[in-house]
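# Tertiary structure, described
Given next are the chains, with one letter for each unit.
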Amino acid sequence: VRWQVLDAVSVSGGHLGAGLGVVDLTVALHHVFETPRDEICWDVAHQCQPHKVLTGRRSRIYTLRQGGGLSGFAKRAESPYDAFGAGHSTTSISAAAGFETARNRLGKNGHSVAVIGDGAITGGMAWEAMNHAGGMGTKMIVVLNDNGQVSLPTFYNQVNQPVGALSQTLSASPTGLSIQGSIAKMETSSGFQSARQALKSATKSFLPEQLAKAAAKVDEYARDFVKTVPFKGSGSGGKGEL
Ligand SMILES: Cc1ncc(C[n+]2csc(CCOP(=O)(O)OP(=O)(O)O)c2C)c(N)n1
């Protein structure tokens, strides 16, 4: 599959790295899931060449991106295995949630899978969809392909590392991430919230207005400091300031 993608894309052009990066993942997904009954929604779908090779389009793979040939992206009209057409990024989780809802309403069995990269997941629509899908209370699968690369901006900016805060956060050390997670849990706990509220009301009623304002600023800065400063510069090697 790897060779076939390499050979075809070297002729047609297109996102070679994205496709090569998901060869193993594509084989695994097709092994585990029963497509086209189970919908695989490839985000952007710039990585869909291995999927095309494995779903009956190998004989036409050299027509990728040619007039009358195969699309460089997923295209519903092209194959029942292309559950969702894409090109625009960040839509896969929302699409998979839609398939999942439809399946549940029809009382059918199956799975919806979204495959999304660390670049595409930065888009607002993905966050909205995760919020919605999480609240649906149904089993839906989202594969986050965190390859530490965000193709286009990396290329345009001529830099060789992931650009964007989310990408950099995801490549922070696991220790850093888990400490950040614990801080977030603590911060949103009801005990912490009520203690904070009690302190806020106390400072308002006992302190003069200027001092109360200063205390509120200290509270704000302290929370930001605890959350961000110790992790600045945490690279993929986990050698941050922490
Ligand atoms: C809404 C939208 N914005 C921008 C693009 C251009 N684009 C195509 S691929 C890509 C990067 C996606 O990064 P990632 O999801 O990490 O995939 P990878 O680079 O790892 O293949 C971008 C920004 C797009 N297709 N849609």
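Numbers given for residues are sequential positions, taken from 1 along each chain in its written order. Per-residue local features of the predicted model are confined to residues with pLDDT of at least 70, and side-chain atom pairs are confined, for both listing and counting, to 80 or more; whole-chain, interface and lining totals are unaffected and use all residues. In computing side-chain values, all of the structure's heavy atoms are included and hydrogens and water are not.

On to the side chain of serine 92. Each helix is a run of DSSP H or I of at least 4 residues and each strand a run of E of at least 2, with the numbering of both proceeding from the N terminus. Looking at the element boundaries, serine 92 is found in helix H5 (residues 92-106). To sort residues, take the accessible area from a 1.4 Å probe on protein chains only and compare it with the maximum for the residue type: under 20% means buried, over 50% means exposed, and anything in between is partly exposed. With a relative accessible area of 0%, serine 92 lands in the buried category. Any pair of nitrogen or oxygen atoms within 3.5 Å is treated as a polar contact; in protein, a donor-acceptor pairing is required on top of that, and neighbouring residues in sequence qualify only through side-chain atoms on both sides. Engagement of the side chain of serine 92 in a polar contact is seen with the side chain of aspartate 43, the distance being 2.6 Å. In this description, contact between two residues means that some pair of their heavy atoms is separated by no more than 4.5 Å. Apart from the residues lying within four places of it in its own chain, the contact partners of serine 92 are Cys41, Trp42, Asp43, Ala114, Val115 and Ile116.

Where H5 meets helix H6 (residues 124-136), the axes come as close as 8 Å, and the angle between the chain directions of the two elements is 30°. Considered as vectors, H5 and H6 are oriented roughly parallel to each other. Read as a crossing pair, H5 and H6 show a hand that is left-handed. Counted together, Ile93, Ser94, Ala97, Glu100 and Thr101 of H5 and Met125, Ala126, Ala129, Met130, Ala133 and Met136 of H6 form the full contact between these two elements. Polar here means any residue other than Ala, Val, Leu, Ile, Met, Phe, Trp, Tyr, Cys and Pro, which are nonpolar, and Asp, Glu, Lys and Arg, which are charged; Gly is therefore polar. Residues of the contact of H5 with H6, tallied by class, amount to 8 nonpolar, 2 polar and 1 charged. Here an axis means a line fitted to C-alpha atoms, over the contact stretch when the element is a helix, while the angle between two N-to-C directions is reported on a 0 to 180 degree scale. Note that the term roughly parallel is reserved for angles under 35 degrees, roughly antiparallel for angles over 145, roughly perpendicular for angles of 65 to 115, and oblique for everything else. Left-handed describes a crossing whose near helix is turned anticlockwise from the far helix by less than a right angle; the clockwise case is right-handed.

This part is about the sheet that holds strand S2 (residues 112-117). Only strands that DSSP links by at least two bridges are regarded as paired with each other. The strand order S1-S2-S3 describes an open sheet built from 3 strands, whose pairing is parallel. Each edge of the sheet is formed by a strand with only one pairing partner; in this case those strands are strand S1 (39-42) and strand S3 (141-145). Strand-to-strand twist of the sheet, defined as the mean angle between neighbouring strand axes without regard to direction, takes the value 15°. Pairing analysis gives 4 bridges linking S1 to S2, with the strands arranged parallel.

Scored from 0 to 100, pLDDT records how confident the predictor is in each individual residue. In this model, the protein carries a mean pLDDT of 86, and residues with pLDDT of at least 70 account for 84%. In this model residues 232-242 is a low-confidence stretch, pLDDT under 50, and it forms 19 contacts with partners more than four residues away in sequence or in other chains.

Right, let's talk about unusual backbone geometry for a bit. Among all residues except glycine, the phi angle is most often negative; among peptide bonds, the trans geometry is most common. A cis geometry characterises the amide bond from threonine 35 onward to proline 36, with omega recorded as 5°. Along the polypeptide, proline 36 turns up in the loop between helix H3 (23-32) and S1. Unusually for a residue other than glycine, valine 44 sits at a positive phi of about 65°. One can find valine 44 in the loop between S1 and helix H4 (49-57). One non-glycine residue with positive phi stands out, namely arginine 65, at about 60°. Inspection of the secondary structure puts arginine 65 in the loop between H4 and H5.

Attention now goes to the nonpolar core. For the purposes of this section, nonpolar cores are sets of buried Ala, Val, Leu, Ile, Met, Phe, Trp, Tyr and Cys residues that join through side-chain atoms within 4.5 Å. If you look at the biggest cluster of nonpolar residues, it comprises 14 residues, and the most contacted ones within it are Ile93, Ala96, Ile116, Ala126 and Met140. Mapped onto this core, the elements with two or more residues apiece are H5, S2 and H6. A total of 4 residues in this core trace back to one element, the largest contributor, which is H5. Other than its neighbours up to four places away in sequence, methionine 140 contacts Ile93, Ala96, Ala97, Glu100, Ser112 and Ala133. Core analysis: the next-biggest nonpolar cluster, separate from the first, contains 10 residues, Leu29, Ile40, Val113 and Val115 among them.

For any two helices packed against each other, the geometry comes down to the angle between their axes and how far apart the axes lie. Across the interface, helix H1 (residues 2-12) lies against H4 with an axial gap of 9 Å and an inter-helix angle of 115°. When the interaxial angle is binned, H1 and H4 end up roughly perpendicular. Note that H1 runs across H4; the crossing there is right-handed. The segment H1 lies against H4, with Gln4, Val5 and Val9 engaging Gln49, Pro50 and Val53. Among the residues forming the contact of H1 with H4, the class breakdown is 4 nonpolar, 2 polar and no charged.

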